[in-house]
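# Topology and contacts: notes
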Amino acid sequence: MPTVQPAELWRQSGRYDAYGPEMLRIRDRHDRELLYGPTNEEMVTDLFRQGVRSYRELPQNLYHIQWKFRDEIRPRFGVMRGREFLMKDAYSFDVDYAGAVVSYRTMMLAYMRTFQRLGLRAIPMQADSGPIGGDLSHEFIVLAPTGESEVFYDSRFEEIDWVSAEYRYGNASDLERFFEQMTSLYAATDEKHDTSAFLTLPEERRRSGRGIEVGHIFYFGKKYSGPMNLSLSGPDGQRIVPHMGSYGIGVSRLVGGIIEASHDDAGIVWPDPVAPWKVAIINLKPGDRACDKIAEELYGRMDGEALLDDRDERPGAKFADADLMGHPWQIIVGPRGAAAGEVEIKRRVTGERTIRSVQSALAEILR
Ligand code: P5A
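Residues numbered from 1 in each chain as written. Predicted model: local features only at pLDDT ≥ 70, side-chain atom pairs only at ≥ 80, totals over all residues. Heavy atoms only, no water.

Enumeration according to the criterion identifies 26 salt bridges in this entry. Three or more residues joined by partner-sharing salt bridges are found here, namely Arg-11, Arg-27, Asp-31 and Glu-33. (Salt bridge = Lys/Arg side-chain N within 4 Å of Asp/Glu carboxyl O.)

Laid out in structure tokens, this is it:
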């Protein structure tokens, strides 16, 4: 979908005036009113209106990953709250409320798994739906001391493995159990915090801190499909108006969020699945024949997943830079070891270092 949208679509939903100064409004050479999309509910409702005719084509979920612009009153912390940012946004369309609930819960489960695979512990919290609207909404919050909101939750959230939990997407009764498991545990931002409910938890399970919102999901029924006249032919010849929801992940914010949640005094500690490079190969003595040979060989074998540091720098500076950039592994190639066919490998997250043959270093890292 384009980033620039016609104001007309937003007049149809009633949000053109409701959205306020966060929306960047533009005029083109013909004096037509446009805007830089802060979100895409109207655009996707319009796409659907043009391309879908029958209830038989439901349920559907359309998504894209696209830049957004919001004229935030206080942009700060770089990618954490920017005016221009990248979002993954998805939009669901269902025949009725029961179907929309299945879509909502399916996405909620997918988000829990997605964040876990990114190496994050995201906690879903009931939220206000703000300018997107609707009466069912959850935010996904990652804990970090620099987070914008204050959060309170049950430590049991930290123990659940959502990836291997046996819940099937699209299955109403599985998703009901999933939703119950999740909403039975206390979690709230300061906006919705209920001190007396929180205090009923045993003390050792009470967690509080600051958090970053990395995702947000909404069910808003017919808020857009109604006023925008999206109707499909229904089962008995009558028209039906789809129930909709929307689901966002702040892709560019996540980069900052992951770093906030995973670092130490020396720098970033990238979780394995999202590390830009899996390993830094540190050649301590470029120009030394044995070092160069081993470093080059390792680099070739890592198939694009390694960064080779062959700069003419002191070893201390190279170690510090590798720690700062946070690659999950480092392979240190020095002249003494290289002569014996050995290297040192370091695991960034634990700091553990071991001497290995070149083969066994590769086997460990490529495992
Ligand atoms: C859901 C998808 C929406 O816009 N419409 C489409 C719904 N939701 S939201 O909560 O407003 O935004 C979704 C996520 O985008 C990230 N985000 C930001 N990231 C960086 N800078 C910003 N200014 C910014 N605003 C929102 C958040 O991660 C949010 O959860």
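After that view, the rundown keeps rolling.
Looking now at the packing of aromatic side chains. What the rule picks out here adds up to 13 aromatic pairs. An aromatic cluster is built from Tyr-111, Phe-115 and Phe-140, whose rings are joined through pairwise contacts. The cationic tip of Arg-25 hangs over the ring face of Tyr-16; the distance from NZ or CZ to the ring centre is 4.7 Å. The residue whose ring lies beneath Arg-113 is Tyr-169, and the NZ or CZ to ring-centre distance is 5.1 Å. (Phe/Tyr/Trp six-rings, centres within 6.5 Å; stacked < 30°, edge-to-face > 60°. Lys NZ or Arg CZ within 6 Å of the ring centre and 35° of its normal.)

On to the packing of helix H8 (residues 289-301) against helix H11 (residues 358-366), then. Between H8 and H11, the shortest axis-to-axis distance is 11 Å and the interhelical angle comes to 30°. Taken together, the axes of H8 and H11 lie roughly parallel to each other. The crossing of H8 and H11 is right-handed. Taken together, the residues of H11 that come into contact with H8 (itself represented by Ile-294, Glu-297, Leu-298 and Arg-301) are Val-358, Gln-359, Leu-362 and Leu-366. Here the contact of H8 with H11 is built from residues that sort into 5 nonpolar, 1 polar and 2 charged. (Axes fitted to C-alpha atoms, helices over the stretch in contact; angles between N-to-C directions. Helix = DSSP H or I, 4+ residues; strand = E, 2+ residues; numbered from the N terminus. Parallel < 35°, antiparallel > 145°, perpendicular 65-115°, else oblique. Left-handed = near helix turned anticlockwise from the far one by under 90°. Contact = heavy atoms within 4.5 Å. Nonpolar A, V, L, I, M, F, W, Y, C, P; charged D, E, K, R; others polar.)

Below, the discussion takes up unusual backbone geometry. In this structure, the amide linkage connecting Leu-58 to the following residue, Pro-59, adopts the cis form with an omega of -5°. Tracing the backbone shows Pro-59 in the loop between helix H3 (41-51) and strand S4 (60-69). In this model, Phe-77 sits at a positive phi of 55°, which is unusual for a non-glycine residue. Tracing the backbone shows Phe-77 in the loop between S4 and strand S5 (84-94). In the Ramachandran plot, Asp-303 falls in the positive-phi region, its phi being about 50° despite a non-glycine side chain.

The next subject is the environment of Asp-194. The topology assignment puts Asp-194 in the loop between strand S9 (187-189) and helix H6 (195-199). The spatial distance from the C-alpha of Asp-194 to the C-alpha of Phe-152 is 9.3 Å, given a sequence separation of 42 residues.

Let's shift gears to helix H7 (residues 251-261). Buried residues of H7: Ser-252, Arg-253, Leu-254, Gly-256, Gly-257 and Ile-258, and no others. If you follow the buried residues of H7, they end up packed against S5, helix H4 (97-117), strand S7 (136-143), strand S10 (206-221) and strand S13 (243-250). (Buried < 20%, exposed > 50% of the residue type's maximum accessible area, 1.4 Å probe, protein only.)

This part takes up the sheet that holds strand S2 (residues 24-27). Adjacent strands of a sheet form backbone hydrogen bonds with each other and so pair up, either parallel or antiparallel. Pairing is antiparallel across the open sheet formed by 3 strands, whose spatial order is S1-S3-S2. Each edge of the open sheet is held by one strand with a lone partner, namely strand S1 (4-6) and S2. Each neighbouring strand pair of the sheet contributes to a mean axis angle of 40°, computed without reference to strand direction. Pairing of S2 with strand S3 (residues 33-36), which is carried by 4 bridges, proceeds in the antiparallel orientation. Bridge pairing in S3 places Arg-27 opposite Glu-33. (Pairing = 2+ DSSP bridges.)

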